[in-house]
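Secondary and tertiary structure notes
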Amino acid sequence: LLDLLISKNLTTAGSLSALLGSITFDSVFTALTSDELLQALLKADLIKGTLGITDLASLKSYLTSHGIDLTGKTNDQILSALASGNVLTTGTSGDSARTALGNFFNTSDANKEDFLSLLSGNQLLNLLSTDHLFLGSLSLQDVLTALSAPSSIVDLLSATTLLDLLISKNLTTAGSLS
């Protein structure tokens, strides 16, 4: 999505690296849902390894079975609840977990892309809009209109990728590329 926005000249940045550099951890942290925050903690290896938790489903199951309820909590409150429940890596408080997530996010463009991949397309567009990262006076609606143009998505796909997509959606009579 970011590449598409850049290729359509819809952002303030001319490259993916420049756009990623404009996105702050605080904005992303605020935009994360509770499930996305849990996934981010797993990606950053901030969930205690001795618990044997490797995916979101097992983490949520563990939390439920240990009476840790995240319903209605802010992301900071979730981190505190996880720290209190001894779910985070040893010695990690809610505040230090947020700092560690921020450090992980800011380490590389690849880590930033990993974090942003947790967000839905709408969340990402809202984040960019809120952070004023659309070109000039473009509104979120202007960007959505530009992205809904029939050629926008197709322009980014290679022939093989487009054919794979058509096959996977049963939109062609062929069952494979061969």
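My aim in this report is to walk through the structure given alongside it, one point at a time. (Residues numbered from 1 in each chain as written. Predicted model: local features only at pLDDT ≥ 70, side-chain atom pairs only at ≥ 80, totals over all residues. Heavy atoms only, no water.)

1. Description of the nonpolar core
Of all hydrophobic cores here, the largest spans 49 residues; its most connected members are Leu-5, Leu-41, Leu-63, Leu-101 and Leu-128. Here this core takes 5 residues from helix H4 (residues 34-43), the largest share from any one element. Apart from the residues within four sequence positions on either side, Leu-128 is in contact with Leu-2, Leu-5, Leu-19, Ile-23, Leu-133 and Phe-134. (Core = buried A, V, L, I, M, F, W, Y, C linked by side-chain atoms within 4.5 Å. Buried < 20%, exposed > 50% of the residue type's maximum accessible area, 1.4 Å probe, protein only. Helix = DSSP H or I, 4+ residues; strand = E, 2+ residues; numbered from the N terminus. Contact = heavy atoms within 4.5 Å.)

2. What about the pattern of salt bridges?
One pass over the full model with this rule turns up 4 salt bridges. A salt bridge links Lys-60 to Asp-35, with the nearest nitrogen and oxygen atoms 3.1 Å apart. With Lys-60 in helix H5 (residues 56-65) and Asp-35 in helix H4, this pair connects stretches of sequence that are 25 residues apart. Since its relative accessible area comes to 34%, Lys-60 is described here as partly exposed. (Salt bridge = Lys/Arg side-chain N within 4 Å of Asp/Glu carboxyl O.)

3. Topic: the layout of surface pockets
Size it by volume and the largest pocket reaches roughly 150 Å³. Along the walls of the largest pocket sit Leu-1, Leu-2, Asp-3, Leu-16, Glu-113, Leu-116, Ser-117 and Leu-124, which together make up its complete lining. Of all elements in the fold, only helix H1 (2-7) and helix H8 (109-117) reach the threshold of two or more residues within the lining of the largest pocket. In terms of residue count, the dominant contributor to the lining of the largest pocket is H8 (3 residues). When the residues that make up the lining of the largest pocket are grouped by side-chain class, the tally is 5 nonpolar, 1 polar and 2 charged. (1 Å grid on protein atoms, 1.4 Å probe; cavity = no way out; pocket = protein on both sides within 12 Å on 5 of 7 lines; lining within 4 Å. Points joined across faces, edges and corners; volume = space filled by probe spheres on them. Nonpolar A, V, L, I, M, F, W, Y, C, P; charged D, E, K, R; others polar.)

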